[in-house]
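Descriptive structure summary
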2 protein chains.
Amino acid sequence: MNIIKGGVCAAKGFTANGVHCGIRKNKSKRDLSLIISDTKATAAAVYTQNLVKGAPLTVTKNNISDGFAQAIICNSGNANTCNSNGIEIAEEMCALVAKETGISAKDVVVASTGVIGEVLDINPIKNGIPELVKGLGDNSLLAAEGIMTTDTKVKEIAVSFEIDGKECRIGGIAKGSGMIHPNMATMLVFITTDCAISSDMLQKALGEDIVDTFNMTSVDGDTSTNDMVTILANGRAGNTEITEDNDNFKIFAKALNTITVYLCRNIAADGEGATKLVECVVTGAKSKEQAKLSAKSVICSSLVKAAMFGSDANWGRVLCALGYGVPDLDPTGVDVSFKSAKGEIPVCVKGAGIPFSEEKAKEILLENEVEILVNLNSGDCSSTAWGCDLTYDYVKINGDYRT
Amino acid sequence: MNIIKGGVCAAKGFTANGVHCGIRKNKSKRDLSLIISDTKATAAAVYTQNLVKGAPLTVTKNNISDGFAQAIICNSGNANTCNSNGIEIAEEMCALVAKETGISAKDVVVASTGVIGEVLDINPIKNGIPELVKGLGDNSLLAAEGIMTTDTKVKEIAVSFEIDGKECRIGGIAKGSGMIHPNMATMLVFITTDCAISSDMLQKALGEDIVDTFNMTSVDGDTSTNDMVTILANGRAGNTEITEDNDNFKIFAKALNTITVYLCRNIAADGEGATKLVECVVTGAKSKEQAKLSAKSVICSSLVKAAMFGSDANWGRVLCALGYGVPDLDPTGVDVSFKSAKGEIPVCVKGAGIPFSEEKAKEILLENEVEILVNLNSGDCSSTAWGCDLTYDYVKINGDYRT
């Protein structure tokens, strides 16, 4: 498997574009994106578990219930959620794509991100779609920009891999930033592949993957109303279609995992206001569940996050987060180290502090990718979670996001 | 029932003091407090549910297992947690109090608050205790100062009430600030009363009370390792001892609740970096559990907290927090209003936004005590939770707390 250039247009037969249509006031910000497959593709998606669900999710769920889709339309600047006419607007977005492209409105995935509870005006979208369709091409980057809200960096990646001697590609784009604490689904992630794979196996691959990737990512503990990960597979690579859990499925799943882990790390690193990626790697757990609860409790702790911002080796907060987040924890077995490109330093052994160089610890924690290594010494299960630090800028961004 | 002056010395027979003994580097900060009853008192306590527990909690639990205590010793600046000699040090603190006062070491409640994982030096405590005991008197305020860490305000309150024609008093002090998200117990709260009440009924009163008070308070979602609420009752008011759940017990429980609600509100309002108290009042829930989950999810949301800091009427975040925090929510029934001394403004009806004056909403939210009113329109249960806003100063305090 190789990491290749590009994002959602890396796979054969996919084109994309992103434009500014006027939902967002700032004219330099794109706010409408489109991804299209030349031919109908199998489709799979996972959605937020938040009971307050964005209207686009309801429409998308309905549209891909037959396992197929051909286009993805997404706006930023308004979540089209908690509005009495939300469904109507989301359906109109699909109809407008259909009208301009000839694709069936029932084959359109629709997504929105932005403020909750403000009616989404269809007019800028109506006016923007012709230009959006006209500019379709190898423009994954523009599409990735069009779905950003407070993100500061574009997130895209693609890989190539071989199945049946045929070269296949998967690529994806994502937006993250705030209100990021996915549960069974996440933020907005659009993935395309030219690998031939049935809808059922595509859904299986995605459903199994997110448990260890997007569901292990958190910026602020708030599970959004509009989280969605969608993948379209148009089969243009020419491999024999994957229809069962065989070796080819495993190759596909591994390639997919490369895409999702990359996007998770980048979503966490670019969390609202974040200055660094914080990765918690838990080993020695007695069960996978214990490993996951441990890793997630650490990266979700406001106090751990603030300590990481200050590059402060305050490992007591790691122990504290484990203590309240992991029901069957044995505190006397816990080892903790901090690690980064500058080295690794053990700070706690068997639940108690050990002497360490504060200077060295600081040097390690000042890096922009930091690992918190936790060994529970209770078994051989492991898990990784991705988060970021809690900073002044998170407060700034969210103290005045809407007005 | 009347609110009266004072704190833990308001009840007959209780004296207190607080000194600087040298655990904290800043000499202007008291770091050692003592509360004493003239006579042995019935005692009750509740503790953190964090599995990583401070050593003082283990020693206290053991000491009051017979239902009695006579003194409370507490230091700030070091949590005496995750240290291999923690139990030893906590027991020595009790022994030092015993030596200087003649009270049995087994009748001493011991508590610590501060950094986790640094060995607590007994020497400053040993040197400070004579002065601490010598200064015992009507010094609730000094004791309240001695337990503060990043708290900016002293928290004390007392009430008087009548039982059997006898005037009784309850008074309490508390420290809160960060790592505040109590579960079955909380931060450090010391309450004294001269009401005569058996250990069993005292424990029952406290155990029932905290479910709706301390357990509904959160500053940052982090459940501390050292949370503890203790109450001593020395019976000096001369009422017939309360030994069953009768009318007198209800009078006592109500007086206790006045103390605890006051302390919760003040702990929330003085949360680390907080500029305002945020109270979420949920009505119309189908069960008490649903009401509590709703209120707590709203006050714990980082995004709601940041919006409150910005006095931004971003009610979509309230809906979002309800959606992920309340398993059996009907989003289409939810009404939301914001309220303060400046008035009340509805912003969401039946799960959808309604037009409202941003200017008026801002005026309401700029107050330093703000209510978020949520009506679920699904039943007649209600609950209140207390929190605070998320601010630059929270990040500042916790980005550099230890070093």
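Scope of this entry: the structure provided in the associated data block.

Rules of the game
- Residues numbered from 1 in each chain as written.
- Chains lettered and ligands numbered in written order.
- Predicted model: local features only at pLDDT ≥ 70, side-chain atom pairs only at ≥ 80, totals over all residues.
- Heavy atoms only, no water.
- Helix = DSSP H or I, 4+ residues; strand = E, 2+ residues; numbered from the N terminus.
- Polar contact = N/O pair within 3.5 Å; in protein donor to acceptor, adjacent residues only side chain to side chain.
- Contact = heavy atoms within 4.5 Å.
- Buried area = accessible area lost by both parts, 1.4 Å probe.
- Salt bridge = Lys/Arg side-chain N within 4 Å of Asp/Glu carboxyl O.
- Nonpolar A, V, L, I, M, F, W, Y, C, P; charged D, E, K, R; others polar.
- Pairing = 2+ DSSP bridges.
- Axes fitted to C-alpha atoms, helices over the stretch in contact; angles between N-to-C directions.

**Here we look at the side chain of A:Asn239**
Residue and element names in this part refer to chain A. Secondary-structure assignment places Asn239 in the loop between strand E9 (228–233) and helix H6 (247–269). Here Ala196 takes part through its backbone nitrogen, which lies 2.9 Å from a polar atom of the side chain of Asn239. Excluding residues that lie within four positions of it along the chain, Asn239 makes contacts with Ile163, Asp164, Lys166, Cys168, Asp194, Cys195 and Ala196.

**Re the interface of chain A and chain B**
Opposite the 55 residues of chain A that make contact, chain B presents 55 residues. Between chain A and chain B lies a buried interface of about 4,200 Å² when both sides are counted; carbon and sulfur atoms form 59% of it. The interface formed by chain A and chain B includes zero salt bridges. Across the contact surface, chain A and chain B share three residue pairs in polar contact (both at pLDDT 80 or more). Those elements that place two or more of their residues in the side of chain A that touches chain B are helix H8 (302–309), helix H9 (316–325), strand E13 (352–353), helix H10 (358–365) and helix H11 (392–399) of chain A. For the side of chain A that touches chain B, a count of residues per class yields 25 nonpolar, 20 polar and 10 charged.

**Structural notes on the sheet that holds strand E15 (residues 381–388) of chain A**
Residues and elements named next belong to chain A. Strand order in the open sheet formed by six strands is E13-E12-E11-E14-E10-E15, and the pairing between neighbours is mixed. Bordering the open sheet on either side are E13 and E15, each of which pairs with just one other strand. Across five bridges, the pairing between strand E11 (residues 335–340) and strand E12 (residues 343–349) is antiparallel. Bridged to Lys339 within E12 is Glu344. Strands in contact with helix H7 (residues 288–300) are strand E10 (277–285), strand E14 (369–375) and E15; relative to E15, the strand with the most contacts, it is inclined by about 20 degrees. Running at roughly 55 degrees to E14, H9 makes contact with E11, E12 and E14 of the sheet.

**What to know about the sheet that holds strand E10 (residues 277–285) of chain B**
Residues and elements named next belong to chain B. Strands sit in the order E13-E12-E11-E14-E10-E15 across an open sheet of six strands; the sheet is mixed. Bordering the open sheet on either side are strand E13 (352–353) and strand E15 (381–388), each of which pairs with just one other strand. Pairing analysis gives seven bridges linking E10 to E15, with the strands arranged antiparallel. In the sheet register, Ala285 faces E15, and the bridge partner there is Cys381. Relative to the sheet, helix H6 (residues 247–269) contacts E10, strand E14 (369–375) and E15, its axis offset from that of E15 by approximately 40 degrees. Taken strand by strand, helix H8 (residues 302–309) contacts E10, strand E11 (335–340), E14 and E15, and its axis lies near 135 degrees from that of E14.

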